[in-house]
Amino acid sequence: MKDKDKTREQLINELNELRQRNAELEISITRLMQTAEELRALDESLKRSIDEHVKEFGQAQQELQETRNYLESLFNCANVPIIVWDPEFRITRFSRALEHLTGYMPEEVIGRKLRMLFPEESMDESLARIESTLGGEYWKSVEMPILCKDGNVLTALWNSANIYAGDGTTIIATIAQGTDITEIRRSEEQIKASLRDKEALLKEVHHRVKNNLQVISSLLNLQLGYIKDKQVIEIFRESQNRVKLMALIHEKLYQSEDLSVIDFGEYIRELAAYIYYSYRANPSIVALKINAGSVLLDINTAISCGLIINELVSNSLKYAFTECKEGEIHIELYPDNNMYTLIFSDNGVGFPDDLDFRSTETLGLQLVITLIKQLKGTIEINRSGGTRFKITFPYNR
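This report concerns the structure included in the present document.

Thresholds applied
Residues numbered from 1 in each chain as written. Predicted model: local features only at pLDDT ≥ 70, side-chain atom pairs only at ≥ 80, totals over all residues. Heavy atoms only, no water. Helix = DSSP H or I, 4+ residues; strand = E, 2+ residues; numbered from the N terminus. Buried < 20%, exposed > 50% of the residue type's maximum accessible area, 1.4 Å probe, protein only. Pairing = 2+ DSSP bridges. Axes fitted to C-alpha atoms, helices over the stretch in contact; angles between N-to-C directions. Contact = heavy atoms within 4.5 Å. Polar contact = N/O pair within 3.5 Å; in protein donor to acceptor, adjacent residues only side chain to side chain. Core = buried A, V, L, I, M, F, W, Y, C linked by side-chain atoms within 4.5 Å.

1. Side note on unusual backbone geometry
Piece 1. Notably, N337 is not glycine yet its phi reads approximately 55°, a positive angle.
Piece 2. Tracing the sequence through the fold places N337 in the loop between β9 (327-336) and β10 (339-346).
Piece 3. Accessibility expressed as a relative area gives 76% for N337, which makes it exposed.
Piece 4. With phi around 55°, K376 is a residue other than glycine that occupies positive phi space.
Piece 5. Along the chain, K376 turns up in the loop between α9 (363-374) and β11 (378-382).

2. Let's talk about the sheet that holds strand β7 (residues 286-292)
Piece 1. Ordered by their spatial adjacency, five strands build an open sheet running β7-β9-β10-β12-β11, and the pairing between neighbours is mixed. Only two strands of the sheet have a single partner each, and these edge strands are β7 and β11. For this sheet, the mean angle separating the axes of adjacent strands, direction not counted, is 10°.
Piece 2. Of the strands in this sheet, β7 and β9 touch helix α7 (residues 264-278), which is tilted by about 165° from β7.

3. Details of the side chain of D86
Piece 1. Turning to its location among the elements, D86 is positioned in the loop between β1 (82-85) and β2 (91-94).
Piece 2. Residue D86 is classed as buried on the basis of its relative accessible area, which comes to 13%.
Piece 3. Within polar-contact distance, the side chain of D86 engages the backbone nitrogen of E88 at 2.9 Å.
Piece 4. Contacts of D86, omitting those with residues within four sequence positions, involve T92, I172 and A173.

4. Remarks on the side chain of S314
Piece 1. As for its placement among the helices and strands, S314 is situated in helix α8 (residues 299-320).
Piece 2. The buried category is assigned to S314, whose relative accessible area is 4%.
Piece 3. In this structure, S314 is in contact with N241, I275 and Y279, ignoring residues within four places of it in sequence.

5. Points about the nonpolar core
Piece 1. Membership of the largest hydrophobic core comes to 42 residues, with the highest contact counts inside it found for F264, I308 and L333.
Piece 2. Elements supplying a minimum of two residues to this core: α7, β7, α8, β9, β10, α9 and β12 (387-394).
Piece 3. Take this core: its biggest share by element is ten residues, from α8.
Piece 4. The residues contacting L333, other than those within four sequence positions of it, are F264, I268, N291, A292, G293, V295, Y340, T341, L342 and F393.
Piece 5. Within the second largest apolar cluster, 24 residues are counted, among which are I91, F94, L117 and I146.

So, in structure tokens, the structure goes:
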């Protein structure tokens, strides 16, 4: 009986243990099911994430391919020559425009050194410019010759930029874009040659005009030998001086580097010296003082000013120092903003107070007034302490 009760008790205990284990198993199964559900949810999330990343990656690849295609089309279809080289100066890209320019096909130049594209006579200079790009230098309108496949040498204007690795400091390539300026340079040389020819022709014109004017002056001088009337002799001498001063201007232009202007300060000195010589005036008695720097005047203005100075100096030497032995003549020329000022003065007897110099009957002063009008200038007179003329005219160069 006792054995039966014991067996029953054991069975009950084992049953309870089984029930407890069953409950624990149910809990474990529930947890496993929850975990499995969580894993399924995580798996779905990962799948969605992977799909999204794959889609984004595909879009990025497509955009990258489109960018490559765009750049490839831009590189090959650009109307300007483009070339790319690596840090070893090997050509890595060669645009179609550069093919047309040089006559080389890409397979003939890709992988070869850049030096093949430069003529021997400028090789060192060209290579030095290329090596400068390794230091980060950019070309901006750098003119370099290019050697074509057929041996012709062209001139191109280049701009460059370096391509860097991801670290932003390591140069992995250099790209350069060129513009063929060969015809421009040829045209410039033709224009320069034409200008040289025209300058030579213009010099010859000035030279011949000067010679012709000197012939006229010599003819006038010869004619003077047959004239006895002092008044007529004076008229001839004045005409001769006017011809001489114009010949002197053409001589200056012939000797000048710039055929459009002459140094009028230097011209005044030579002109005044000639007038003194013509009137046999002694500079130690009637001193000549000139204050004129390097004033550049065009030929028309120079002739007008030269004639004005000729008339005023001649007038002073003839009339201003008849009552005194010694005196001074001053000539001053200087720029003032957009005007020139010419001052002529002497300390001679002075201009008569009752004489209107603007309406005088003498040819010399009439010529002065006419020339000042041609220069669109003005004239003022000061009669105290001799005679002082102040002439202003605009800067017309």
